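Per-entry structural report
Here is what each chain is made of, one letter per residue.
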Amino acid sequence: MHADIPAPSHPGHVAFVGAGPGDPDLLTIRALRALESADVVIHDRLVTPEILGLVNRNAVLIDAGKEGFGPSAAQTDINALIVQHARSGAQVVRLKGGDPTVFGRLDEEIDAVDAAGLGWHVVPGITAASASVAAIGQSLTKRGRNAAVRFLTGHDMKGFADHDWRTLARPGEVAAIYMGKKSARFIQGRLIMHGADRATPVTVIENASRPDQRILATTLDRLPADLARANVTGPALTFLGLAPRAAEAQLAHSRQELA
Ligand code: SAH
């Protein structure tokens, strides 16, 4: 800090806040309070305009949006931005889509804030998997079907992400695949190679909880083709091993008719 700039009278602080899946009704009250009292809000691309509209009018709003494989604000620049504002004494809200602890690069930002000797806390949010499973009337876990659920990313820093395909290919497995649009064909190929049933239900939920929410019910076999046809442009979550409840009922019904 420059010698003749006085230190801020009150210390800055960073709240890492989950914005939920998009519907402002799915914000926590604590998240809403943080937006109402922030001096600076640094947000992701995933945060909807309806939620940004709840930020107090005097706050500085900064878009640190990042695209999957595309051009992105470097993480180090975002870290520096957060630290710079908090150092000047601001109450900073780092607003992330869904829950900040799920595929949110939270740790890198906490490390930067920690290294600067600044205080921080995390406000959880509703993650896309929770909003998406609610949209199809299913549970993430179900007695007799799956006693575990996995949250996977379709791609990571090195490209398509590798997973325990053999386990995922077993009947009854349920996985919520984040950032899975571009990797749909890769995931399909790996699962089938490891023995997955081609008829395994797969459901893609685009824009979960938002007015433009869409549900695509398909199978592992048809996933890449159906995804391409549906022209999914919004954020989308892919459930491996789950069909929408109504479709499941219909399926059981037609099986009965066939029997
Ligand atoms: N922290 C976020 C996830 C960030 S990774 C969370 O907890 O939800 C970004 C991915 O999240 C997207 O590529 C998409 O797979 C998923 N996602 C986020 N919001 C979504 C929404 N409203 N509907 C469907 N998927 C969503």
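The structure presented is a predicted model; accordingly, all values stated were derived computationally and were not measured.

1. Digging into the packing of helix α3 (residues 75-87) against helix α4 (residues 106-115)
Two numbers describe how α3 lies on α4: the axes approach to 9 Å, and their chain directions differ by 40°. Between α3 and α4, the angle is such that the two are oblique. Crossing handedness for the pair α3 and α4: right-handed. Between α3, through Gln75, Asn79, Ile82, Val83 and Ala86, and α4, the contact on the second element is made entirely by Glu108, Glu109, Ala112 and Val113. Taken together, the residues that form the contact of α3 with α4 break down as 5 nonpolar, 2 polar and 2 charged.

2. A short note on unusual backbone geometry
Its identity is not glycine, yet arginine 105 carries a phi of approximately 50°, on the positive side. Within the secondary structure layout, arginine 105 lies in the loop between β4 (91-96) and α4. Phi is positive for asparagine 231, which is not a glycine, with a value near 50°. Within the fold, asparagine 231 resides in the loop between α8 (223-230) and β12 (236-240). Here asparagine 231 falls in the exposed class, since 7 other C-beta atoms lie within 10 Å of it.

3. Details of the site of the ligand
The environment of the ligand is made up of 23 residues, and the closest members are Gly98, Val102, Thr127, Ala128 and Ala208. For the shell around the ligand, the secondary structure elements donating two or more residues are α5 (128-135) and β12. Grouping the amino acids of the shell around the ligand by side-chain chemistry returns 12 nonpolar, 8 polar and 3 charged. Counting contributing residues, the shell around the ligand receives three or more from each of domain 1 (13-123) and domain 2 (128-252).

Calculation criteria
- Residues numbered from 1 in each chain as written.
- Predicted model: local features only at pLDDT ≥ 70, side-chain atom pairs only at ≥ 80, totals over all residues.
- Axes fitted to C-alpha atoms, helices over the stretch in contact; angles between N-to-C directions.
- Helix = DSSP H or I, 4+ residues; strand = E, 2+ residues; numbered from the N terminus.
- Parallel < 35°, antiparallel > 145°, perpendicular 65-115°, else oblique.
- Left-handed = near helix turned anticlockwise from the far one by under 90°.
- Contact = placed C-beta atoms within 7 Å.
- Nonpolar A, V, L, I, M, F, W, Y, C, P; charged D, E, K, R; others polar.
- Buried ≥ 20, exposed ≤ 12 C-beta atoms within 10 Å, placed from the backbone.
- Near = placed C-beta within 6 Å.
- Domains from an automatic or database assignment.

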